[in-house]
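Topology and contacts: notes
Listed below, chain by chain, are the residues.
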Amino acid sequence: MKKVIIGVTGGIAAYKVPELARLFVRSGIDVQVVMTPAAAEFITPLTFQTLTGNPVFVEMYGDRTGERVRHVELLENADLMVIAPATANTLGKMALGLADNLLATLYLAADCPVVVIPSMNVNMFKHPAVVSNIELLQKRGCHVMDPDQGELACGVYGSGRMPEPYDIFNFARRAVMIKDYQGIEVLVTAGPTREPLDPVRYISNPSTGLMGFSLARALSDRGALVTLVSGPTHLTAPAGVRLVKVNTAAEMREAVLSDYSKCRIIYKAAAVSDFRPAENWDEKVKKEKASMTLQLASNPDILLELGKNKGNKILVGFAAETEDALQNAHDKLVNKNLDLIIVNNLKEPGSGFAVNTNRVSIIDRDGKVEEIPLMEKEELAHLILDRTAVLLKK
Ligand code: C5P
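Residues numbered from 1 in each chain as written. Predicted model: local features only at pLDDT ≥ 70, side-chain atom pairs only at ≥ 80, totals over all residues. Heavy atoms only, no water.

**Let's talk about the pairing of strand β10 (residues 185-190)**
Taking burial as the measure, the 6 residues of β10 include 5 buried ones, the bulk of the element. Two elements, β10 and strand β15 (residues 265-268), share 4 bridges in a ladder whose sense is parallel. The partner of Val188 across the bridge, within β15, is Tyr267. (Buried < 20%, exposed > 50% of the residue type's maximum accessible area, 1.4 Å probe, protein only. Helix = DSSP H or I, 4+ residues; strand = E, 2+ residues; numbered from the N terminus. Pairing = 2+ DSSP bridges.)

Right, here's the structure in full:
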(Lines give C-alpha, C1' and ligand atoms only; values in the text may rest on other atoms or scores of the structure.)
Protein backbone atom coordinates (compact mmCIF):
# COMPACT_ATOMS: atom_id res chain seq x y z
CA MET A 1 0.00 0.00 0.00
CA LYS A 2 1.38 3.39 -0.99
CA LYS A 3 -1.34 5.89 -0.23
CA VAL A 4 -4.25 6.09 2.19
CA ILE A 5 -6.96 8.72 2.52
CA ILE A 6 -8.05 9.22 6.12
CA GLY A 7 -11.44 10.88 6.41
CA VAL A 8 -12.09 12.36 9.85
CA THR A 9 -15.60 13.30 10.90
CA GLY A 10 -16.84 15.26 13.87
CA GLY A 11 -16.86 12.88 16.82
CA ILE A 12 -14.90 13.16 20.05
CA ALA A 13 -12.88 10.07 19.02
CA ALA A 14 -11.21 12.30 16.40
CA TYR A 15 -8.55 12.92 19.05
CA LYS A 16 -7.27 9.36 18.53
CA VAL A 17 -6.92 9.68 14.76
CA PRO A 18 -3.50 11.43 14.67
CA GLU A 19 -2.07 8.24 16.19
CA LEU A 20 -3.71 6.23 13.41
CA ALA A 21 -2.22 8.58 10.81
CA ARG A 22 1.19 8.13 12.42
CA LEU A 23 0.96 4.33 12.18
CA PHE A 24 0.43 4.59 8.43
CA VAL A 25 3.19 7.17 8.03
CA ARG A 26 5.63 4.99 9.95
CA SER A 27 4.90 2.14 7.58
CA GLY A 28 6.08 4.33 4.72
CA ILE A 29 2.53 5.05 3.50
CA ASP A 30 1.57 8.46 2.13
CA VAL A 31 -1.36 9.78 4.19
CA GLN A 32 -3.85 12.33 2.85
CA VAL A 33 -6.24 13.59 5.52
CA VAL A 34 -9.62 15.05 4.67
CA MET A 35 -11.85 16.36 7.48
CA THR A 36 -15.45 17.43 7.73
CA PRO A 37 -15.97 20.94 9.07
CA ALA A 38 -17.30 19.41 12.32
CA ALA A 39 -14.13 17.33 12.73
CA ALA A 40 -12.07 20.51 12.51
CA GLU A 41 -13.92 21.70 15.64
CA PHE A 42 -12.50 18.73 17.58
CA ILE A 43 -8.95 18.70 16.28
CA THR A 44 -7.01 21.07 14.09
CA PRO A 45 -6.01 20.32 10.51
CA LEU A 46 -2.54 21.55 11.47
CA THR A 47 -2.04 18.49 13.69
CA PHE A 48 -2.58 16.17 10.75
CA GLN A 49 -0.64 18.37 8.40
CA THR A 50 2.37 18.21 10.71
CA LEU A 51 2.18 14.44 11.16
CA THR A 52 1.58 13.55 7.52
CA GLY A 53 3.57 16.27 5.77
CA ASN A 54 0.59 16.80 3.45
CA PRO A 55 -1.92 19.66 3.32
CA VAL A 56 -5.23 18.79 4.96
CA PHE A 57 -8.48 19.56 3.17
CA VAL A 58 -11.73 20.49 4.87
CA GLU A 59 -13.68 22.72 2.54
CA MET A 60 -14.98 22.04 -0.92
CA TYR A 61 -14.00 25.52 -1.99
CA GLY A 62 -10.47 26.67 -1.14
CA ASP A 63 -10.04 29.91 0.78
CA ARG A 64 -13.33 31.32 -0.52
CA THR A 65 -11.69 31.97 -3.87
CA GLY A 66 -14.36 29.93 -5.52
CA GLU A 67 -11.77 27.48 -6.78
CA ARG A 68 -13.07 23.99 -6.26
CA VAL A 69 -10.66 21.51 -4.66
CA ARG A 70 -10.13 18.92 -7.33
CA HIS A 71 -11.29 16.01 -5.20
CA VAL A 72 -10.63 13.44 -7.85
CA GLU A 73 -6.98 14.46 -7.76
CA LEU A 74 -6.82 13.74 -4.03
CA LEU A 75 -8.03 10.23 -4.76
CA GLU A 76 -5.38 9.59 -7.39
CA ASN A 77 -3.36 6.43 -6.60
CA ALA A 78 -5.18 5.96 -3.28
CA ASP A 79 -5.12 2.31 -2.23
CA LEU A 80 -7.48 2.71 0.68
CA MET A 81 -9.87 5.13 2.32
CA VAL A 82 -10.41 4.95 6.10
CA ILE A 83 -13.24 6.97 7.65
CA ALA A 84 -12.53 7.32 11.37
CA PRO A 85 -14.44 8.16 13.41
CA ALA A 86 -17.53 7.78 11.24
CA THR A 87 -20.40 9.66 12.89
CA ALA A 88 -24.06 8.73 12.46
CA ASN A 89 -24.40 11.83 10.30
CA THR A 90 -21.62 10.84 7.89
CA LEU A 91 -22.82 7.21 7.78
CA GLY A 92 -26.24 8.53 6.81
CA LYS A 93 -24.82 10.68 4.04
CA MET A 94 -22.76 7.79 2.72
CA ALA A 95 -25.77 5.49 2.70
CA LEU A 96 -27.91 8.06 0.92
CA GLY A 97 -25.23 9.16 -1.52
CA LEU A 98 -25.25 12.79 -0.38
CA ALA A 99 -22.26 14.93 -1.24
CA ASP A 100 -22.57 18.17 0.70
CA ASN A 101 -18.99 18.28 1.97
CA LEU A 102 -15.58 17.33 0.62
CA LEU A 103 -15.30 14.06 2.53
CA ALA A 104 -18.76 12.81 1.51
CA THR A 105 -17.99 13.75 -2.08
CA LEU A 106 -14.68 11.92 -2.03
CA TYR A 107 -16.35 8.82 -0.64
CA LEU A 108 -18.72 8.73 -3.62
CA ALA A 109 -15.88 9.24 -6.07
CA ALA A 110 -13.51 6.68 -4.48
CA ASP A 111 -12.88 3.43 -6.30
CA CYS A 112 -10.51 1.99 -3.69
CA PRO A 113 -11.58 -0.17 -0.70
CA VAL A 114 -13.27 1.83 2.05
CA VAL A 115 -12.93 1.05 5.75
CA VAL A 116 -15.45 2.62 8.11
CA ILE A 117 -15.02 3.01 11.88
CA PRO A 118 -18.38 4.00 13.39
CA SER A 119 -18.12 5.77 16.72
CA MET A 120 -20.99 7.34 18.62
CA ASN A 121 -23.28 7.22 21.65
CA VAL A 122 -24.66 3.75 22.40
CA ASN A 123 -28.29 4.68 21.69
CA MET A 124 -27.40 6.31 18.42
CA PHE A 125 -25.44 3.22 17.47
CA LYS A 126 -28.48 1.03 18.20
CA HIS A 127 -30.95 3.26 16.36
CA PRO A 128 -32.62 1.39 13.48
CA ALA A 129 -31.66 4.16 11.05
CA VAL A 130 -27.97 3.81 11.90
CA VAL A 131 -28.16 0.01 11.97
CA SER A 132 -29.71 -0.11 8.53
CA ASN A 133 -27.28 2.46 7.11
CA ILE A 134 -24.35 0.36 8.32
CA GLU A 135 -25.89 -2.79 6.85
CA LEU A 136 -26.42 -1.05 3.55
CA LEU A 137 -22.80 0.19 3.44
CA GLN A 138 -21.56 -3.32 4.22
CA LYS A 139 -23.71 -4.72 1.44
CA ARG A 140 -22.08 -2.23 -0.91
CA GLY A 141 -18.62 -3.46 0.07
CA CYS A 142 -17.50 -1.12 2.86
CA HIS A 143 -15.43 -2.82 5.56
CA VAL A 144 -17.10 -1.77 8.79
CA MET A 145 -15.27 -2.34 12.08
CA ASP A 146 -17.34 -3.08 15.18
CA PRO A 147 -16.94 -0.43 17.86
CA ASP A 148 -15.51 -1.32 21.28
CA GLN A 149 -17.50 -1.52 24.48
CA GLY A 150 -16.59 0.84 27.25
CA GLU A 151 -17.16 4.20 28.81
CA LEU A 152 -18.30 6.65 26.16
CA ALA A 153 -17.52 10.34 26.06
CA CYS A 154 -21.11 11.08 27.10
CA GLY A 155 -20.48 9.23 30.37
CA VAL A 156 -22.57 6.12 29.71
CA TYR A 157 -21.23 2.62 29.33
CA GLY A 158 -21.88 0.62 26.18
CA SER A 159 -20.97 -0.09 22.59
CA GLY A 160 -19.92 2.78 20.35
CA ARG A 161 -16.39 3.56 21.41
CA MET A 162 -13.84 3.88 18.66
CA PRO A 163 -11.28 1.03 18.83
CA GLU A 164 -7.63 1.82 19.53
CA PRO A 165 -5.60 3.14 16.57
CA TYR A 166 -3.41 0.05 16.31
CA ASP A 167 -6.47 -2.21 16.09
CA ILE A 168 -7.94 0.02 13.39
CA PHE A 169 -4.63 -0.05 11.53
CA ASN A 170 -4.61 -3.87 11.57
CA PHE A 171 -8.27 -4.10 10.64
CA ALA A 172 -7.70 -1.78 7.68
CA ARG A 173 -4.71 -3.80 6.59
CA ARG A 174 -6.54 -7.10 6.81
CA ALA A 175 -9.64 -5.72 5.16
CA VAL A 176 -7.78 -4.72 2.05
CA MET A 177 -5.16 -7.45 2.35
CA ILE A 178 -2.34 -5.23 1.22
CA LYS A 179 -0.25 -7.16 -1.26
CA ASP A 180 2.99 -5.31 -0.63
CA TYR A 181 5.00 -8.56 -0.89
CA GLN A 182 3.35 -9.72 -4.12
CA GLY A 183 5.51 -12.29 -5.90
CA ILE A 184 8.54 -11.79 -3.66
CA GLU A 185 10.42 -14.97 -2.72
CA VAL A 186 10.92 -15.14 1.03
CA LEU A 187 12.53 -17.69 3.29
CA VAL A 188 11.47 -18.05 6.91
CA THR A 189 12.96 -20.39 9.50
CA ALA A 190 11.01 -21.41 12.57
CA GLY A 191 10.98 -23.65 15.60
CA PRO A 192 13.75 -25.34 17.54
CA THR A 193 16.30 -27.79 16.22
CA ARG A 194 16.89 -31.19 17.81
CA GLU A 195 20.41 -32.48 18.19
CA PRO A 196 20.32 -36.23 18.88
CA LEU A 197 22.34 -37.88 21.56
CA ASP A 198 20.96 -41.31 20.84
CA PRO A 199 17.81 -42.58 19.08
CA VAL A 200 15.51 -41.28 21.87
CA ARG A 201 17.28 -38.29 23.43
CA TYR A 202 18.25 -34.90 22.13
CA ILE A 203 19.34 -31.37 23.00
CA SER A 204 16.74 -28.77 22.13
CA ASN A 205 14.87 -25.72 23.47
CA PRO A 206 11.23 -24.80 24.13
CA SER A 207 10.63 -22.86 20.87
CA THR A 208 7.12 -23.57 19.54
CA GLY A 209 7.74 -22.03 16.12
CA LEU A 210 4.87 -19.56 16.56
CA MET A 211 6.88 -16.46 15.63
CA GLY A 212 8.18 -17.99 12.39
CA PHE A 213 4.80 -19.48 11.45
CA SER A 214 3.11 -16.11 12.12
CA LEU A 215 5.63 -14.43 9.82
CA ALA A 216 5.00 -17.04 7.13
CA ARG A 217 1.22 -16.53 7.35
CA ALA A 218 1.48 -12.74 7.29
CA LEU A 219 3.86 -12.88 4.32
CA SER A 220 1.64 -15.24 2.41
CA ASP A 221 -1.41 -13.06 3.13
CA ARG A 222 0.53 -10.10 1.76
CA GLY A 223 1.38 -11.90 -1.46
CA ALA A 224 4.86 -13.36 -0.85
CA LEU A 225 6.01 -16.75 -2.12
CA VAL A 226 7.07 -18.31 1.15
CA THR A 227 9.35 -21.23 1.97
CA LEU A 228 9.18 -22.10 5.65
CA VAL A 229 12.05 -24.23 6.95
CA SER A 230 10.97 -25.49 10.33
CA GLY A 231 12.28 -27.65 13.10
CA PRO A 232 9.82 -29.92 14.93
CA THR A 233 6.61 -28.06 15.96
CA HIS A 234 2.93 -28.86 16.45
CA LEU A 235 1.85 -26.08 14.11
CA THR A 236 0.20 -26.46 10.71
CA ALA A 237 1.77 -24.61 7.82
CA PRO A 238 -0.38 -21.73 6.57
CA ALA A 239 -2.15 -22.32 3.26
CA GLY A 240 0.04 -21.60 0.26
CA VAL A 241 3.30 -21.80 2.21
CA ARG A 242 5.91 -24.38 1.17
CA LEU A 243 6.99 -26.21 4.34
CA VAL A 244 10.36 -27.94 4.58
CA LYS A 245 10.65 -29.99 7.76
CA VAL A 246 14.03 -30.47 9.39
CA ASN A 247 15.38 -31.79 12.66
CA THR A 248 18.96 -30.75 13.25
CA ALA A 249 20.84 -27.49 12.69
CA ALA A 250 22.85 -29.23 9.97
CA GLU A 251 19.65 -30.17 8.13
CA MET A 252 18.32 -26.64 8.56
CA ARG A 253 21.54 -25.26 7.11
CA GLU A 254 21.27 -27.50 4.08
CA ALA A 255 17.62 -26.60 3.45
CA VAL A 256 18.27 -22.87 3.89
CA LEU A 257 21.32 -22.83 1.63
CA SER A 258 19.52 -24.69 -1.13
CA ASP A 259 16.82 -21.97 -1.29
CA TYR A 260 18.96 -18.97 -0.39
CA SER A 261 19.97 -17.80 -3.85
CA LYS A 262 16.41 -17.27 -5.10
CA CYS A 263 15.17 -15.41 -2.00
CA ARG A 264 15.00 -11.65 -1.57
CA ILE A 265 14.31 -11.65 2.19
CA ILE A 266 15.23 -14.10 4.93
CA TYR A 267 13.63 -14.07 8.39
CA LYS A 268 15.66 -16.30 10.66
CA ALA A 269 13.21 -16.86 13.51
CA ALA A 270 14.35 -20.41 14.31
CA ALA A 271 15.91 -21.06 17.70
CA VAL A 272 18.83 -23.01 16.30
CA SER A 273 20.62 -25.08 18.90
CA ASP A 274 24.14 -23.70 19.25
CA PHE A 275 25.52 -27.08 20.33
CA ARG A 276 25.10 -30.74 19.51
CA PRO A 277 26.49 -33.79 21.24
CA ALA A 278 29.97 -34.29 19.80
CA GLU A 279 29.23 -37.95 19.51
CA ASN A 280 25.91 -39.67 19.04
CA TRP A 281 25.06 -43.22 19.76
CA ASP A 282 23.25 -45.57 17.37
CA GLU A 283 21.73 -47.44 20.30
CA LYS A 284 19.92 -46.04 23.31
CA VAL A 285 22.46 -45.10 25.98
CA LYS A 286 22.03 -47.24 29.09
CA LYS A 287 21.19 -45.51 32.35
CA GLU A 288 24.26 -47.02 33.97
CA LYS A 289 26.20 -44.53 31.88
CA ALA A 290 24.67 -41.59 33.77
CA SER A 291 28.03 -40.42 35.10
CA MET A 292 29.56 -40.12 31.65
CA THR A 293 30.77 -36.70 30.49
CA LEU A 294 28.89 -35.36 27.52
CA GLN A 295 31.12 -33.57 25.03
CA LEU A 296 29.46 -30.90 22.93
CA ALA A 297 30.39 -29.54 19.52
CA SER A 298 29.38 -26.18 18.05
CA ASN A 299 26.76 -26.11 15.34
CA PRO A 300 27.26 -24.08 12.19
CA ASP A 301 25.92 -20.54 12.53
CA ILE A 302 23.63 -20.47 9.53
CA LEU A 303 22.82 -16.78 9.67
CA LEU A 304 26.49 -15.83 9.95
CA GLU A 305 27.10 -17.81 6.77
CA LEU A 306 24.19 -16.11 4.98
CA GLY A 307 25.48 -12.69 6.03
CA LYS A 308 28.84 -13.36 4.39
CA ASN A 309 27.09 -13.82 1.08
CA LYS A 310 24.40 -11.18 1.48
CA GLY A 311 24.31 -9.38 -1.88
CA ASN A 312 21.15 -7.24 -1.97
CA LYS A 313 19.15 -9.61 0.20
CA ILE A 314 17.39 -8.38 3.32
CA LEU A 315 18.46 -10.41 6.33
CA VAL A 316 16.43 -10.31 9.52
CA GLY A 317 17.71 -12.09 12.63
CA PHE A 318 16.15 -12.79 15.98
CA ALA A 319 17.91 -12.74 19.31
CA ALA A 320 16.67 -14.08 22.60
CA GLU A 321 18.78 -12.65 25.39
CA THR A 322 18.84 -12.86 29.14
CA GLU A 323 21.27 -9.99 29.83
CA ASP A 324 22.49 -6.82 28.06
CA ALA A 325 19.87 -7.59 25.43
CA LEU A 326 20.30 -4.48 23.25
CA GLN A 327 24.09 -4.50 23.26
CA ASN A 328 24.32 -8.23 22.54
CA ALA A 329 21.73 -8.03 19.81
CA HIS A 330 23.44 -5.08 18.16
CA ASP A 331 26.75 -6.97 18.20
CA LYS A 332 25.00 -9.87 16.46
CA LEU A 333 23.50 -7.56 13.85
CA VAL A 334 26.99 -6.28 13.05
CA ASN A 335 28.77 -9.67 13.16
CA LYS A 336 26.16 -11.42 11.06
CA ASN A 337 25.72 -8.50 8.62
CA LEU A 338 21.95 -8.18 9.22
CA ASP A 339 19.54 -5.45 8.20
CA LEU A 340 17.34 -5.80 11.26
CA ILE A 341 17.46 -7.77 14.46
CA ILE A 342 14.42 -8.44 16.62
CA VAL A 343 15.46 -8.90 20.22
CA ASN A 344 13.52 -10.10 23.19
CA ASN A 345 14.58 -10.32 26.76
CA LEU A 346 13.70 -13.80 27.95
CA LYS A 347 13.40 -12.60 31.53
CA GLU A 348 10.52 -10.25 30.70
CA PRO A 349 7.02 -11.61 31.37
CA GLY A 350 5.06 -12.39 28.19
CA SER A 351 8.21 -12.60 26.05
CA GLY A 352 10.12 -15.29 24.28
CA PHE A 353 9.50 -19.01 24.08
CA ALA A 354 6.17 -20.79 24.28
CA VAL A 355 3.94 -17.75 24.81
CA ASN A 356 1.58 -16.16 22.29
CA THR A 357 2.86 -12.68 22.97
CA ASN A 358 6.20 -10.99 22.67
CA ARG A 359 7.78 -7.73 23.83
CA VAL A 360 10.63 -6.92 21.53
CA SER A 361 12.95 -4.19 20.39
CA ILE A 362 13.90 -3.81 16.74
CA ILE A 363 17.40 -2.62 15.93
CA ASP A 364 18.43 -1.47 12.47
CA ARG A 365 21.80 -1.10 10.76
CA ASP A 366 22.19 2.50 11.99
CA GLY A 367 21.86 1.22 15.54
CA LYS A 368 18.42 2.83 15.92
CA VAL A 369 16.32 1.00 18.49
CA GLU A 370 12.54 0.82 18.27
CA GLU A 371 10.81 -0.39 21.43
CA ILE A 372 7.66 -2.34 20.56
CA PRO A 373 4.93 -2.79 23.19
CA LEU A 374 3.77 -6.26 24.24
CA MET A 375 1.62 -7.76 21.50
CA GLU A 376 0.44 -11.02 19.96
CA LYS A 377 3.06 -12.67 17.76
CA GLU A 378 0.59 -12.61 14.88
CA GLU A 379 0.36 -8.83 15.15
CA LEU A 380 4.09 -8.49 15.67
CA ALA A 381 4.65 -10.44 12.45
CA HIS A 382 2.76 -7.77 10.49
CA LEU A 383 4.67 -5.02 12.23
CA ILE A 384 7.99 -6.65 11.31
CA LEU A 385 6.77 -6.91 7.70
CA ASP A 386 5.90 -3.21 7.77
CA ARG A 387 9.48 -2.44 8.75
CA THR A 388 11.02 -4.67 6.10
CA ALA A 389 8.61 -3.29 3.47
CA VAL A 390 10.29 0.08 4.00
CA LEU A 391 13.70 -1.54 3.35
CA LEU A 392 12.31 -3.24 0.24
CA LYS A 393 11.31 0.10 -1.24
CA LYS A 394 14.83 1.53 -0.77
O1 C5P B 1 23.83 -15.90 17.94
P2 C5P B 1 22.40 -16.18 18.20
O3 C5P B 1 22.06 -17.61 18.22
O4 C5P B 1 21.84 -15.49 19.41
O5 C5P B 1 21.67 -15.48 16.96
C6 C5P B 1 20.34 -15.63 16.75
C7 C5P B 1 20.02 -15.54 15.29
O8 C5P B 1 20.93 -16.32 14.53
C9 C5P B 1 18.65 -16.11 14.97
O10 C5P B 1 18.12 -15.36 13.90
C11 C5P B 1 18.93 -17.56 14.62
O12 C5P B 1 17.96 -18.11 13.78
C13 C5P B 1 20.28 -17.45 13.94
N14 C5P B 1 21.16 -18.61 14.16
C15 C5P B 1 21.54 -19.40 13.10
N16 C5P B 1 22.37 -20.48 13.30
C17 C5P B 1 22.82 -20.76 14.54
C18 C5P B 1 22.43 -19.98 15.63
C19 C5P B 1 21.59 -18.91 15.41
O20 C5P B 1 21.14 -19.14 11.98
N21 C5P B 1 23.60 -21.80 14.71
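Once the structure has been displayed, the description carries forward.
**Examining the domain arrangement of the protein chain**
On domain assignment, one finds that the protein chain holds domain 1 (3-176) and domain 2 (185-283 + 294-393). A separation of 38 Å is found between the C-alpha centroids of domain 1 and domain 2. Across the contact, 7 residues belong to domain 1 and 10 residues belong to domain 2. When domain 1 packs against domain 2, the two sides together hide about 680 Å² of surface, and 40% of this comes from carbon and sulfur. Per-residue buried area on domain 1 facing domain 2 is highest for Arg26, Tyr166 and Arg173; these three make up 62% of the total on that side. In this assembly, domain 1 and domain 2 are joined by 2 salt bridges. One salt bridge in this structure joins Glu370 and Arg26, with 2.6 Å as the shortest N-O distance. If you look at where domain 1 meets domain 2, you find 4 residue pairs in polar contact (both at pLDDT 80 or more). A per-element tally of the side of domain 1 that touches domain 2 places helix α9 (residues 165-176) first, with 4 residues. Looking at side-chain class alone, the side of domain 1 that touches domain 2 contains 2 nonpolar, 3 polar and 2 charged residues. (Domains from an automatic or database assignment. Contact = heavy atoms within 4.5 Å. Buried area = accessible area lost by both parts, 1.4 Å probe. Salt bridge = Lys/Arg side-chain N within 4 Å of Asp/Glu carboxyl O. Polar contact = N/O pair within 3.5 Å; in protein donor to acceptor, adjacent residues only side chain to side chain. Nonpolar A, V, L, I, M, F, W, Y, C, P; charged D, E, K, R; others polar.)

**Things to note about the pattern of salt bridges**
A full pass over the atoms with the stated rule returns 19 salt bridges. With a closest N to O distance of 3.3 Å, Lys16 and Glu164 form a salt bridge. Of this pair, Lys16 sits in the loop between β1 (3-8) and α1 (17-26) while Glu164 sits in the loop between β9 (157-161) and α9, and the two are 148 residues apart along the sequence. On the basis of relative accessibility, which here comes to 37%, the residue Glu164 falls in the partly exposed class. Residue Lys310 is joined to Asp339 by a salt bridge in which the shortest nitrogen-to-oxygen separation is 2.6 Å. Here Lys310 is found in the loop between α12 (302-308) and β18 (314-321), whereas its partner Asp339 is found in the loop between α13 (325-336) and β19 (340-345), with 29 residues between them in sequence. When sorted by exposure, Lys310 lands in the same class as Asp339, which is buried. Members of the salt-bridge network, linked through shared partners, are Arg173, Asp180, Arg222 and Asp386.

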